[in-house]
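Listed here are the chains, written in short residue letters.
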Amino acid sequence: MIYDYIIVGCGLAGICFAETALQNNKTVVVINNDSQNSSRVAAGLYNPVILKRFTEVWQSKQQLQLLYEFYGQLEQKLNVQLDYKIPLLRKYFSIEEQNNWFTASDKPNLTDYLSTNLVTKKWTNIDAPFGFGEVLHTGYVDTAVLLSSYVDYLSRIDAYVNATFNYNEICFKENWIEYQEYKARHIVFAEGYGMLSNPFFNALPLDGAKGELLLIKAPDLNLEVAIKTSIFILPVGNDLYKVGATYNWTDKTNTPTQEGKNELLTELKELIQCDFEVIEHYAGIRPTVKDRKPMLGSHRIHKNLHLLNGLGTRGVMLAPSMAKMLFDHIEHGTDLDAQVNIQRFKTAFSTLRQSEQKC
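About the cut-offs
Note on numbering: residues in each chain are counted from 1, in written sequence order. Only residues with pLDDT of at least 70 are given local features in this predicted model, and only at 80 or more are side-chain atom pairs given and counted; all residues enter the totals for whole chains, interfaces and linings. Water and hydrogen atoms play no part in the side-chain values, which are based on all heavy atoms of the structure. In this description, strands pair whenever DSSP reports at least two bridges between them. Numbering goes from the N terminus for both helices and strands, where a helix is a DSSP run of H or I of at least four residues and a strand is a run of E of at least two. Angles shown run from 0 to 180 degrees and are taken between the N-to-C directions of axes, each axis being a line fitted to C-alpha atoms and, for helices, limited to the stretch in contact. Each angle receives one of four descriptions, namely roughly parallel if under 35 degrees, roughly antiparallel if over 145, roughly perpendicular if within 65 to 115, and oblique otherwise. By convention, the crossing between two helices is left-handed when the near helix turns anticlockwise from the far helix through less than a right angle, and right-handed when the turn is clockwise. The criterion used for residue contact is that any of the two residues' heavy atoms lie within 4.5 Å. Throughout, the ten residues Ala, Val, Leu, Ile, Met, Phe, Trp, Tyr, Cys and Pro are labelled nonpolar, Asp, Glu, Lys and Arg are labelled charged, and all others, Gly among them, are labelled polar. Note on classification: 1.4 Å probe, protein chains only; a residue is buried when its accessible area is under 20% of the maximum for its type, exposed when over 50%, partly exposed between these limits. Buried Ala, Val, Leu, Ile, Met, Phe, Trp, Tyr and Cys residues that are joined via side-chain atoms within 4.5 Å together make up what is termed a nonpolar core.

## Some remarks on the pairing of strand β16 (residues 232-237)
One ladder, built from 2 bridges, connects strand β15 (residues 226-228) with β16; its direction is antiparallel. Among the inter-strand pairings, I227 is bridged to a residue of β16, identified as I233. A loop of 3 residues connects β15 with β16, the two strands running antiparallel in sequence. In this sheet, strand β17 (residues 240-244) lies alongside β16 in antiparallel orientation, the contact comprising 5 bridges. Looking at the pairing, L234 lines up with K242 of β17. Taking the residues that link successive antiparallel strands as the turn, the β16-β17 hairpin has 2 residues, and the phi of N238 there is positive, at about 60°.

## A look at the packing of helix α1 (residues 12-23) against helix α7 (residues 315-332)
α7 packs onto α1 with a crossing angle of 45° between their chain directions and a minimal axis gap of 8 Å. The orientation of α1 relative to α7 falls into the category oblique. Judged by the twist between their axes, the crossing of α1 over α7 is right-handed. Note on element contacts: α7 touches α1 through G315, V316, A319, P320, A323, K324, L326, F327 and I330, opposite L12, A13, C16, F17, T20 and A21. The residue makeup of the contact of α1 with α7, split by class, is 12 nonpolar, 2 polar and 1 charged.

## Side note on the sheet that holds β17
In space, the 7 strands of this open sheet follow the order β8-β7-β15-β16-β17-β14-β18, with mixed pairing throughout. At either end of the open sheet lies a strand with only one pairing partner, and these are β8 (132-135) and β18 (277-289). On average, each strand axis in the sheet is inclined to that of its neighbour by 25°, with strand direction left out of account. Across the face of the sheet, helix α6 (residues 258-271) comes into contact with β7 (88-91), β14 (206-217), β15, β16, β17 and β18 while running at roughly 55° to β14.

## Looking at the environment of S105
Note on placement: S105 falls in helix α4 (residues 95-105). Taking relative accessible area as the criterion, S105 reaches 4% and is therefore assigned buried. Along the primary structure S105 and S115 are separated by 10 residues, whereas in three dimensions their C-alpha atoms are 7.0 Å apart. Excluding its chain neighbours within four sequence positions, the residues that come into contact with S105 are L110, T111, L114 and T116.

## A closer look at the packing of helix α3 (residues 60-78) against α7
Packing of α3 against α7 leaves a shortest axis separation of 8 Å and a crossing angle of 90°. The angle between the axes of α3 and α7 places the two elements in the roughly perpendicular class. Of α7, the residues touching α3 (which contributes S60, Q63, L64, L66, L67, F70 and Y71) are V316, M317, L318, P320, S321 and K324. Tallied by class, the residues present in the contact of α3 with α7 amount to 9 nonpolar, 3 polar and 1 charged.

## Observations concerning the nonpolar core
F17 and Y71 are the most contacted members of the largest nonpolar core, which totals 68 residues. Here this core takes 10 residues from α7, the largest share from any one element. Ignoring sequence-local partners within four residues, the contact set of F17 consists of Y5, I7, V188, L308, A323, L326, F327 and I330. Judged by nonpolar contacts, the second largest core, of 29 residues, contains V29, F189, L305 and F349.

Keep in mind these values describe shape, not function.
Here's what the structure looks like:
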């Protein structure tokens, strides 16, 4: 049997590409070793506005439309709930911040996303004398449930291999690729930060931002919305809340740190005034790119090797649309958006090396 795709990696990028291919009647096998866990530990928030700069997320309307469709179809397929629509409130710290919000809400590309109603609701254990602004069309995807449910599904259809991919065992044939006992028309690498070990694409400028996140239990908080300040707090049911996230550009391990925990606890105690218990402490490396855009494309020499990476902090929004864009590029020859095409890194792209494997 010759598969249409071998997909390396089973985080958000790998899952969304695999599902896109399957929905288009293609055959896939996914190879994954669980070495990257940024998708699993992510909060999964989606939000069409970059609140720090009051700018619209790139291609936000297209991304949101496909997000609702894609995860909705997966919910039915996997018989689980994934998409939780929940308001996101930005806490104001001054009258000036209120004014900045209302000024931004008048921008044509933000009117659909920034409510002009001042939220003045009082929560017993949150002090917000200047109120909140509400971002519309927000929610979160339960990435842990998505990953575990989709791996179970792939396993049931005999399309999942729990193993470390060995790049030296790729053999390039005239019309397909051989890898161990598998033959495929294409390989899509969706390895997240693990791409730096991939000899075919590691010349590209992928960086990693370590993020740490807490799961707390706070029975007296009674919060039914997500709140954003310098951190976010997200209710996930049963008096549990996710709190995050840190950014560390030097530590490239998945190990939670006391420093990261202390940073989150300090910010959390400034936001809420009630007792809480830390239940879990997570860490992962987000695959990021300096220009804040994903990396999609095909190898300059081996045209049946492809990359889907660099989804960064907005993976749940980006993954369905980027998977579709790459799939359409491979199958139908449609152009990749120049802002995400790996050829934008001209020097790095020109150095992507040819395989020395003799088959």
